[in-house]
2 protein chains.
Amino acid sequence: MDERAALEQISKTLSEAGDDAAVVSLDSTSLVITTDMLHETTDFPDGITRYTAGWRAVGASLSDIAAMGGQATAAVAVYGAPGFDPDELDAFIAGAIDVCEAVGARYVGGDLDTTSELTIATTALGTVDYPSYRHGAQVGDCVCVTGSLGRTVAGLKAFDAGDMGYGNELFQFTPRVTTGAALAEHTTAMMDSSDGLARSVHQLASASEVGMSLHRDAIPTHSAVKEYVDDVSTRQELTTTVGEDFELVLTLPPTELTDARETA
Amino acid sequence: MDERAALEQISKTLSEAGDDAAVVSLDSTSLVITTDMLHETTDFPDGITRYTAGWRAVGASLSDIAAMGGQATAAVAVYGAPGFDPDELDAFIAGAIDVCEAVGARYVGGDLDTTSELTIATTALGTVDYPSYRHGAQVGDCVCVTGSLGRTVAGLKAFDAGDMGYGNELFQFTPRVTTGAALAEHTTAMMDSSDGLARSVHQLASASEVGMSLHRDAIPTHSAVKEYVDDVSTRQELTTTVGEDFELVLTLPPTELTDARETA
């Protein structure tokens, strides 16, 4: 069974699963909580600094809070590594602290573990007034995305090309927490683009039981992609299929479009 | 740098680190959050079922909530495995759900990841009225422990002896959440015994800048240890040094002892 089939199986047992984060009621407050694991071999390309790794790993969970329309409160992480170099550890924590500060949250620590490869597990916690799920899209809604796509593709190309500073800069994305919370009043469905635009749209459509189509030329492309990929159709393919951009993919009624644009 | 030195370094940067869980203020509520990672090679002996692994991994984080004197609200986990067997996954989730229910919390899902060995990262969330830290012990306080020690040693011996059912039963501990919350009004310092009694006492003493001594014969031993270890002094050594029993180690003024015993 692959990860996708396994996730589907879990969502049958756990009603809270299947979205970017789980909503938990606490007295009159709705909390959102989400967790994620990243690895050296699959998530951290050669050249990435520990600062960027800390930023990005914690940022990935903060993005899941954003995807629910939540405000981020705090984050924790487990830092698993073959050994603990004081400078690497300091840099990792500095990255984790800074990405939290960038979205008004606090990094409050976590745990250490000895692992064969760098393995980071992060959890973010937030509150939400208008939870935005994957399943609310309606026929006639517009499909929208925040910012532009391809930042991570460009980052990977930068690392491949030996442009380490630029690669690290591109990999330090700002989770769309403020935008997500502002948009949540307008959206009918929302998630983040961590699996890539094409898969995200497919997941929103499937959860909402509607069809969706995209205008290829309307997909906003990150300027850095153009620096590394000349061919337009290759660019379009990469920006729609490569994930980990951590933008928000959402649907809303056309009547909400102007207001949503202004809030975001 | 080893894990202990690394944790010490972190606690200099992060004021919230250094306890079993971090306390986060949210409006008028104090939340507690904690995260942990467990591995097949170090934490899951041969013979452990996926149900027990789910129970124990999530239980370890719930125990950290208990150690702060918190009430547990919810837990999430990342299940990292080389492959996803539907039955193993169901069993893991059932264990996670059941340990949460045992302490009045809800298991609300998490994430999946493909890893070379079984790797579980868990996070628990709770609320706390009287946070109990490691640093409050005073000269003259009593050092106490909940329940008895050695349950995990006995479980390991049971697995070694091929008593798989008994090993699994012993490994499914009930996190001391109710007891911890009740004790927190009386304690001056508290943590869980996940590193073993001796180390826990050392950590409480060090954080509180006091000395502590234990009465060897007063250390309560789990009845199952006697089934596997005949020699009394070996038993005493094992129950004081082997960790992962997830009992609470705490200090309180002698005047609170009777009340604390009654509440717990």
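Residues numbered from 1 in each chain as written. Chains lettered and ligands numbered in written order. Predicted model: local features only at pLDDT ≥ 70, side-chain atom pairs only at ≥ 80, totals over all residues. Heavy atoms only, no water.

As recorded in an unreviewed UniProt entry, chain A goes by the name Thiamine-monophosphate kinase, listed as coming from Haloquadratum walsbyi J07HQW1. The UniProt entry for chain A carries the following text under Sequence similarities (unreviewed entry): "Belongs to the thiamine-monophosphate kinase family." UniProt annotates chain A under Function (unreviewed entry) with the comment "Catalyzes the ATP-dependent phosphorylation of thiamine-monophosphate (TMP) to form thiamine-pyrophosphate (TPP), the active form of vitamin B1." (UniProt positions renumbered as here; feature names shortened; annotations may be inferred.)

Novice: How would you summarise the sheet that holds strand β1 (residues 22-26) of chain A if you had to cite specific residues and measurements?
Specialist: Residue and element names in this part refer to chain A. Spatial ordering of the open sheet is given by β1-β2-β5-β3-β4, a layout of five strands whose pairing is mixed. Strands at the two margins of the open sheet, each flanked by one partner only, are β1 and β4 (106-114). Each neighbouring strand pair of the sheet contributes to a mean axis angle of 20°, computed without reference to strand direction. Taken together, the nine bridges between strand β3 (residues 71-81) and strand β5 (residues 119-127) define a ladder with antiparallel strand orientation. Paired with Val76 across the bridge in β5 is Thr123. The strands touched by helix α4 (residues 86-102) are β3, β4 and β5; relative to β4, the strand with the most contacts, the crossing angle is about 145°. (Pairing = 2+ DSSP bridges. Helix = DSSP H or I, 4+ residues; strand = E, 2+ residues; numbered from the N terminus. Axes fitted to C-alpha atoms, helices over the stretch in contact; angles between N-to-C directions. Contact = heavy atoms within 4.5 Å.)

Novice: Explain the side chain of A:Thr146 to me, using residue names and the numbers behind them.
Specialist: Residue and element names in this part refer to chain A. Within the secondary structure, Thr146 is located in the loop between β6 (142-145) and α5 (151-160). For Thr146, a relative accessible area of 8% gives the class buried. Side-chain polar atoms of Thr146 contact the side chain of Glu247, separated by 2.5 Å. (Buried < 20%, exposed > 50% of the residue type's maximum accessible area, 1.4 Å probe, protein only. Polar contact = N/O pair within 3.5 Å; in protein donor to acceptor, adjacent residues only side chain to side chain.)

Novice: Before we move on, can you summarise the packing of aromatic side chains with the specific residues and values?
Specialist: All names here are of chain A. The final tally for this structure, using the stated rule, is 12 aromatic pairs over all chains. With centroids separated by 6.2 Å and ring planes inclined at 40°, the aromatic side chains of Tyr79 and Phe84 adopt a geometry described as tilted. Look at Phe84 and you get buried, because its relative accessible area is 6%. Members of the aromatic cluster, each reached through a chain of ring pairs, are Tyr79, Phe84 and Phe92. Residue placement shows Arg56 over the ring face of Phe171; its charged tip is 3.8 Å from the ring centre. (Phe/Tyr/Trp six-rings, centres within 6.5 Å; stacked < 30°, edge-to-face > 60°. Lys NZ or Arg CZ within 6 Å of the ring centre and 35° of its normal.)

Novice: Explain the interface of chain B and chain A to me, and be specific about the residues and the numbers.
Specialist: Listed as interface residues are 48 residues of chain B and, on the opposing side, 48 residues of chain A. Carbon and sulfur atoms make up 68% of the area that chain B and chain A hide from each other, which totals about 4400 Å². Among the elements of the structure, α1 (3-13), β1 (22-26), β2 (29-39), β3 (71-81), α4 (86-102), β4 (106-114) and β5 (119-127) of chain B are those that each provide at least two residues to the side of chain B that touches chain A. Split into classes, the residues belonging to the side of chain B that touches chain A amount to 26 nonpolar, 13 polar and nine charged. (Buried area = accessible area lost by both parts, 1.4 Å probe. Nonpolar A, V, L, I, M, F, W, Y, C, P; charged D, E, K, R; others polar.)

Novice: Hey, could you go over the side chain of A:Asp20 for me, with residue numbers and the actual values?
Specialist: Residues and elements named next belong to chain A. By secondary structure assignment, the location of Asp20 is in the loop between α1 (3-13) and β1. Look at Asp20 and you get buried, because its relative accessible area is 7%. A polar contact of 3.0 Å, which involves the side chain of Asp20, links it to the side chain of Arg134. What Asp20 contacts, discounting residues up to four positions off in sequence, is Thr34, Asp64, Ala67, Met68, Arg134, Met190, Met191 and Asp192.

Novice: So, the domain arrangement of chain A: which residues are in play, and what are the values?
Specialist: Residue and element names in this part refer to chain A. When the domains of chain A are assigned, the result is domain 1 (3-127) and domain 2 (142-263). Its C-alpha centre places domain 1 at a distance of 20 Å from the equivalent point of domain 2. Both sides together, the interface formed by domain 1 and domain 2 hides about 2000 Å², and carbon and sulfur atoms give 58% of it. Per-residue buried area on domain 1 facing domain 2 is highest for Arg4, Trp55 and Arg56; these three make up 26% of the total on that side. (Domains from an automatic or database assignment.)

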